There are 2 protein chains.
Amino acid sequence: MVTKQQLNDLPPDADLRRVDSLAREIFSDVANKWALLIIEALGEGTLRFSELRGEVEGISHKMLTQNLRMLERNGLVDRTVYPTVPPRVEYTLTEPGRALRATVDAICEWTQQYLGRIEDARGRFDG
Amino acid sequence: MVTKQQLNDLPPDADLRRVDSLAREIFSDVANKWALLIIEALGEGTLRFSELRGEVEGISHKMLTQNLRMLERNGLVDRTVYPTVPPRVEYTLTEPGRALRATVDAICEWTQQYLGRIEDARGRFDG
DNA sequence: CCGAATCCGCACAGATACTG
DNA sequence: CAGTATCTGTGCGGATTCGG
């Protein structure tokens, strides 16, 4: 998780721990169901809050706003407000966000690919 | 989450919904912090329960067993018990598990790559 | 339409103790 | 050492309300 270059740049102990704990924090933010589903839903496009709510099946108003704030804070989504009435807010992935989306895609493909095997494994385990 | 090819293979309505809900279920199982960290920790090797607990920083006894059961149920980890005394239990990734690990690796690399930009974004957002 | 704030139940997660 | 069980509290997550 740490490159040689960084090892040269950093006074070893304290800062290395800082980087790792920051990485863990980001990982914890990102490795949760709703965040990943939102990122997947945004895809290449731009969606309004209400559209997003329709795309991410089962998400509540609150969870959507919370996760959108979190993603915005980490610079994974851009939030643009059109000060019309009624207001209009659009969300779109930033470049870091799109990069992460590629990995989410991989997880989705993995799910599809192993769907059958997993179902079988469950059957064996449960029975 | 469903490819065009699969759309051709499947009788349309009911079964498609079944597949999707199953996929969502699997996604929810897998897209959580502890599960992904356990998979990452197992890597290519074989670890005992206690070793695993040391590797996955901050996980509790209970969360580790719960997630291991879940991963075993889905066929992502193999669990082998050596009936010695004291007992010895070893965990290792199955092929589906290793395939998933590749995507977890991708997330970790993503984290490292964008660490700085994310930290900056946070600074801007918070300040 | 979007989002902040509040209330509240329930499930998750930690701590502890006990069995094989 | 590994796993289960029970208890407890905290915090997640849903429903609702109000404000911009």
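Residues numbered from 1 in each chain as written. Chains lettered and ligands numbered in written order. Predicted model: local features only at pLDDT ≥ 70, side-chain atom pairs only at ≥ 80, totals over all residues. Heavy atoms only, no water.

The name that an unreviewed UniProt entry assigns to chain A is Helix-turn-helix domain-containing protein, with the source organism given as Streptomyces lanatus.

Attention now goes to the protein's contact with DNA strand D. Residues in contact with DNA strand D amount to 14 residues; listed here are only the nearest, Ser60 and Lys62 of chain A together with Ser50, Arg79 and Tyr91 of chain B. At a separation of 2.6 Å, a phosphate oxygen of DNA strand D approaches a polar side-chain atom of serine 60 of chain A. In the model, a base oxygen of DNA strand D is placed 2.5 Å from a nitrogen or oxygen of the lysine 62 of chain A side chain. Elements that contribute at least two residues to the surface near DNA strand D include exactly α5 (61-73) of chain A together with α4 (49-55), α5 (61-73) and β3 (88-93) of chain B. For the surface near DNA strand D, the class distribution of residues is seven nonpolar, three polar and four charged. (Near = heavy atom within 4 Å. Polar contact = N/O pair within 3.5 Å; in protein donor to acceptor, adjacent residues only side chain to side chain. Helix = DSSP H or I, 4+ residues; strand = E, 2+ residues; numbered from the N terminus. Nonpolar A, V, L, I, M, F, W, Y, C, P; charged D, E, K, R; others polar.)

Okay, the packing of helix α3 (residues 33-42) of chain B against α5 of chain B next. Residue and element names in this part refer to chain B. Packing of α3 against α5 brings their axes to within 10 Å, and their N-to-C directions diverge by 75°. By the criterion of interaxial angle, the relationship of α3 to α5 is roughly perpendicular. The residues of α5 that touch α3, namely those facing Trp34, Ala35, Ile38 and Ile39, are Met63, Leu64, Asn67, Leu68, Met70 and Leu71. Here the residues of the contact of α3 with α5 sort into nine nonpolar, one polar and no charged. (Axes fitted to C-alpha atoms, helices over the stretch in contact; angles between N-to-C directions. Parallel < 35°, antiparallel > 145°, perpendicular 65-115°, else oblique. Contact = heavy atoms within 4.5 Å.)

Phe49, Ser50 and Tyr91 of chain A together with Ser60 and Lys62 of chain B are the nearest of the 16 residues found near DNA strand C. Within 4 Å of the protein, atoms of DNA strand C come from sugar and phosphate in 68% of cases. The separation between a base oxygen of DNA strand C and a polar side-chain atom of lysine 62 of chain B is 2.8 Å. Per element, the largest residue contribution to the surface near DNA strand C is four residues, and it comes from α5 of chain A. Tallied by class, the residues present in the surface near DNA strand C amount to seven nonpolar, four polar and five charged.

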